[in-house]
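Listed below, chain by chain, are the residues.
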Amino acid sequence: VSGKVRWTAPPSVLVRPELDQDLVDRLEKVGAKDPVRIQQATTRLNDYRYVAVPVTVVGDPAPAVLVLAYDRRAEHAELTSTYQTYALVALGSLVLIGVVGWIVAGRLLAPVRLLAATAQRITDSDLSDRISVSGQDDLSDLTRTVNAMLDRLETAFASQRNLLDDAGHELRTPLTILRGHLELLDPTDIGEVEATRALALDEVDRMHGLVDSLVTLAKAERPDFVRPAPVDVGRLTDDVLDKARTLGPRRWTVDARADVWMQLDPQRVTQALLQLAANAVKFSAEGTTIAFGSEVANGRVRLWVRDEGQGVSPTDAKRIFERFARGNAGRGVEGSGLGLPIVAAIADAHGGTVELISRPGHGATFTLDLPERSAPDGVDSPSRHQTEEVP
């Protein structure tokens, strides 16, 4: 008022424009008719943003000015401090997110790295490595899929090695026999030539049958080894009986027929039953009974071949399903030792097993025990008697 500072802000206010003489001198020039506007002033002490409002009191001619001022530097410093705090918090957050993301990504990608490392370790001679699986996420599913693929590869390689080993082992003997006879053959002796020719053809036929059996066992590891289709089990039992009659002069019968339709591979099941029938003929006497049968019980399909032959000892029962294994009763009997392994492979491909019930001297019963898989709806089962004997 009249060029003097009369009223100031309370002591708690930090900004004290009344102490800045440069600003006070500038405010003395504000006239009563000057427009009111926000202005900026820089002095030796500070940088202000202020508004000066001329004040007139009725009855008092003294000129007065009401001033409101801000310290721009302090405001900017506070804003700068806020941005710096924000920047530090943002940087710290980014670092924290980056560390957490790195840890999480590392854990998520660990199966992928392990998968890559396992794939690098795998060779054609070592397929035993597997990737540990934990969790139910997509990567766990991928790991399980890769492990399943490795299982199939290992099975395929093992099957290939077994085929080569078996072929090399079993074909070496007939080839040696052929070579020995051909080396000793007198081409001028017609009788010796004829005998050698007959022997060579017999050995070639034996090798051909052996190769067919080995190929069948090699195929048993493939997923398409069996091709299930709706099958009338009762009719299949009759058809196998009709085909088996030519194997030998026996009393061929049917113990029972299952009056159902099931999902089976009729060709492979027929192959297995005929192989069991051929074995029954080898180890039974003429005129004895060989019976076929089929039934469904407790969710299982059972198809069997029963004979009245020599039977199988308990010791032999544990090994006759191994490749090239023969029981004591089979010594000297013609065969490759692959028939029962093929039967077991066919049962296994259907998800089942082969059971043997036998007493030496009282015959044997071989049974294909397969899981029951019903035929699709709409396939009608024909009416049949459950049990029938066919002489």
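Numbering of residues begins from 1 in every chain and follows the order in which that chain's sequence is written. Whole-chain, interface and lining totals are the exception, using all residues; otherwise, since this is a predicted model, local features are given only for residues with pLDDT of at least 70 and side-chain atom pairs are given and counted only at 80 or more. Only hydrogens and water are set aside when side-chain values are computed; all heavy atoms of the structure are taken into account.

In this structure, what is going on with the sheet that holds strand S10 (residues 364-371)? I would like to understand it.
Across a sheet, paired strands are connected by hydrogen bonds in the backbone, their directions being either parallel or antiparallel. The strand order S5-S7-S8-S10-S9 describes an open sheet built from five strands, whose pairing is mixed. The open sheet terminates on both sides in strands that have one partner only, identified here as strand S5 (251-256) and strand S9 (353-358). Pairs of neighbouring strands in the sheet enclose a mean axial angle of 15 degrees, with direction left out of account. The criterion used for residue contact is that any of the two residues' heavy atoms lie within 4.5 Å. Helix axes are fitted only over the stretch in contact, all axes being lines through C-alpha atoms; the angle between N-to-C directions runs from 0 to 180 degrees. Numbered from the N terminus, helices here are DSSP runs of H or I no shorter than four residues, and strands are runs of E no shorter than two. Most of the contacts of helix H6 (residues 266-282) go to strand S8 (residues 300-307), to which it runs at about 25 degrees, and overall it touches S5, strand S7 (289-297), S8 and S10. Here, any two strands with at least 2 DSSP bridges between them count as paired.

Looking at this model, I keep getting lost on the pattern of salt bridges. Mind explaining?
In a structure, side chains of opposite charge can pair up when their charged atoms sit close to one another. When a carboxyl oxygen of Asp or Glu is within 4 Å of a side-chain nitrogen of Lys or Arg, the pair counts as a salt bridge. In this structure the tally under the stated criterion is twelve salt bridges. Among the salt bridges present, the one from Arg-300 reaches Asp-369, with a minimum N-O distance of 3.1 Å. On the criterion of sequence distance, the pair formed by Arg-300 in strand S8 and Asp-369 in strand S10 is long-range, its members being 69 residues apart. According to the relative accessible area criterion, Asp-369 is buried, its value standing at 10%. Relative accessibility thresholds used throughout: buried, under 20% of the residue-type maximum; exposed, over 50%; partly exposed, between the two (1.4 Å probe, protein chains only).

Would you mind going over the confidence of the model for the chain with me for this structure?
Regions with low pLDDT should not have their predicted coordinates read in detail. Residues at a pLDDT of 70 or more form 88% of the chain, whose mean pLDDT is 82. Values of pLDDT, which run from 0 to 100, indicate the predictor's confidence residue by residue. Taken element by element, the predicted model of the chain shows its lowest mean pLDDT in helix H3 (residues 138-184) (75) and its highest in S8 (93). In the predicted structure, residues 381-391 sits below a pLDDT of 50 and forms 35 contacts with residues beyond four places in sequence or in another chain.

Mind showing me how you'd approach helix H2 (residues 72-121) here?
Three- or four-residue spacings in an α-helix give side chains the same orientation, since the helix completes a turn every 3.6 residues. Each helix should span, by expectation, one fewer than its residue count multiplied by 1.5 Å. With 50 residues, H2 should reach 74 Å at 1.5 Å per residue; the first-to-last C-alpha distance of 69 Å fits that figure. Note on bend: at a given residue it equals the angle between the axes fitted to the 7 residues ending there and to the 7 starting there. At Leu-109, H2 shows its maximal bend, which comes to roughly 45 degrees, and the proline Pro-111 appears one to four places after that position. As used in this structure description, the phrase polar contact means that two N or O atoms lie within 3.5 Å; if the pair is within protein, one of them must be able to donate a hydrogen and the other to accept it, and residues adjacent in sequence are counted only when both atoms belong to side chains. Capping of H2 at its N-terminal end is provided by Asp-71; its side-chain oxygen lies 3.1 Å from the backbone amide nitrogen of Arg-73.

Would you take a moment to explain the nonpolar core for this structure?
Where a protein is soluble and globular, its nonpolar side chains tend to be buried together. Side-chain atoms within 4.5 Å are what join buried Ala, Val, Leu, Ile, Met, Phe, Trp, Tyr and Cys residues into a set we call a nonpolar core. In terms of nonpolar packing, the biggest core is built from 46 residues, with Trp-252, Leu-273, Phe-292, Leu-303, Phe-366 and Leu-368 touching the most fellow members. Looking at this core element by element, the count peaks at seven residues for H6. Look past the residues within four positions of Leu-273 in its chain and what remains in contact with it is Val-240, Phe-292, Leu-303, Val-305 and Leu-368. Membership of the second largest hydrophobic core comes to seven residues, among which are Leu-23, Ala-41, Tyr-48 and Ala-69.

Please clarify how H6 should be interpreted in this entry.
Between its first and last C-alpha, H6 extends 24 Å over 17 residues, near the 24 Å set by a 1.5 Å rise per residue. If you check which residues of H6 are buried, you get Arg-268, Val-269, Thr-270, Ala-272, Leu-273, Leu-276, Ala-277, Asn-279, Ala-280 and Val-281. The opening residue of H6 is Asp-265, an N-cap whose side-chain oxygen sits 3.1 Å from the backbone nitrogen of Gln-267.

What should I look at first to understand the sheet that holds strand S3 (residues 60-71) in this one?
Within the open sheet, the three strands sit side by side as S1-S2-S3. Their pairing is antiparallel. Here the strands that pair on one side only, and so sit at the sheet edges, are strand S1 (38-42) and S3. Sheet twist, expressed as the average angle between the axes of neighbouring strands with direction ignored, equals 40 degrees. As paired elements, S1 and strand S2 (residues 47-57) share five bridges and run antiparallel to each other. Across the sheet, Gln-39 pairs through a bridge with Tyr-50, a residue of S2.

Whenever I open this one, the packing of helix H4 (residues 190-219) against helix H8 (residues 339-349) confuses me. Can you help?
For any two helices packed against each other, one specifies the inter-axial angle together with the distance between the axes. H8 packs onto H4 with a crossing angle of 25 degrees between their chain directions and a minimal axis gap of 10 Å. In terms of axis orientation, H4 runs roughly parallel to H8. Crossing hand, H4 versus H8: left-handed. Residues Ser-213, Thr-216 and Leu-217 of H4 touch H8, and the partners they reach there are Pro-341, Ile-342 and Ala-345. The residue classification treats Ala, Val, Leu, Ile, Met, Phe, Trp, Tyr, Cys and Pro as nonpolar and Asp, Glu, Lys and Arg as charged. All others, Gly included, are polar. In terms of residue class, the contact of H4 with H8 is made up of four nonpolar, two polar and no charged. Each angle receives one of four descriptions, namely roughly parallel if under 35 degrees, roughly antiparallel if over 145, roughly perpendicular if within 65 to 115, and oblique otherwise. Note on convention: near helix rotated counterclockwise from far helix by under a right angle means a left-handed crossing. Clockwise means right-handed.

Would you mind showing me how to read unusual backbone geometry here?
Backbone phi values are negative for most residues with the exception of glycine, while trans is the configuration of most peptide bonds. Residues other than glycine seldom take positive phi values, yet Asn-298 does so here, at roughly 55 degrees. Along the chain, the position of Asn-298 falls in the loop between S7 and S8.

When you look at the side chain of Thr-365 in this model, what are you seeing that I'm missing?
With respect to the helices, strands and loops of the structure, Thr-365 is situated in strand S10. Note on Thr-365: relative accessible area 19%, which makes it buried. Residues within four places of Thr-365 in sequence aside, it is in contact with Trp-304, Val-305, Arg-306, Glu-355, Leu-356 and Ile-357.

What's the story with the packing of helix H5 (residues 233-244) against H6 in this structure? I'm lost.
Two numbers describe how H5 lies on H6: the axes approach to 10 Å, and their chain directions differ by 45 degrees. Comparing their axes, H6 and H5 come out oblique. Remark: the crossing between H5 and H6 carries right-handed chirality. The segment H5 lies against H6, with Leu-236, Val-240, Lys-243 and Ala-244 engaging Pro-266, Val-269, Thr-270, Leu-273, Leu-274 and Ala-277. In terms of residue class, the contact of H5 with H6 is made up of eight nonpolar, one polar and one charged.

Got a minute to help me understand the environment of His-208 in this structure?
In this structure, His-208 sits in helix H4. Expressed as a C-alpha distance, the spacing of His-208 and Leu-171, which sit 37 residues apart in the sequence, is 9.8 Å.

When you look at a nonpolar patch on the surface in this model, what are you seeing that I'm missing?
A cluster of nonpolar side chains, Leu-96, Val-100, Val-104, Leu-108, Leu-109 and Val-112, forms an exposed patch at the surface whose accessible area comes to about 490 Å². Along the chain, Leu-109 falls in helix H2. A patch consists of residues whose relative accessible area exceeds 30% and which take part in no salt bridge; residues with like charges are grouped when within 9 Å of each other, and nonpolar side chains (Val, Leu, Ile, Met, Phe, Trp, Tyr) when within 5 Å. Reported accessibility uses the Shrake-Rupley method at a 1.4 Å probe radius. Residues are deemed covered only where the shown protein chains occlude them.

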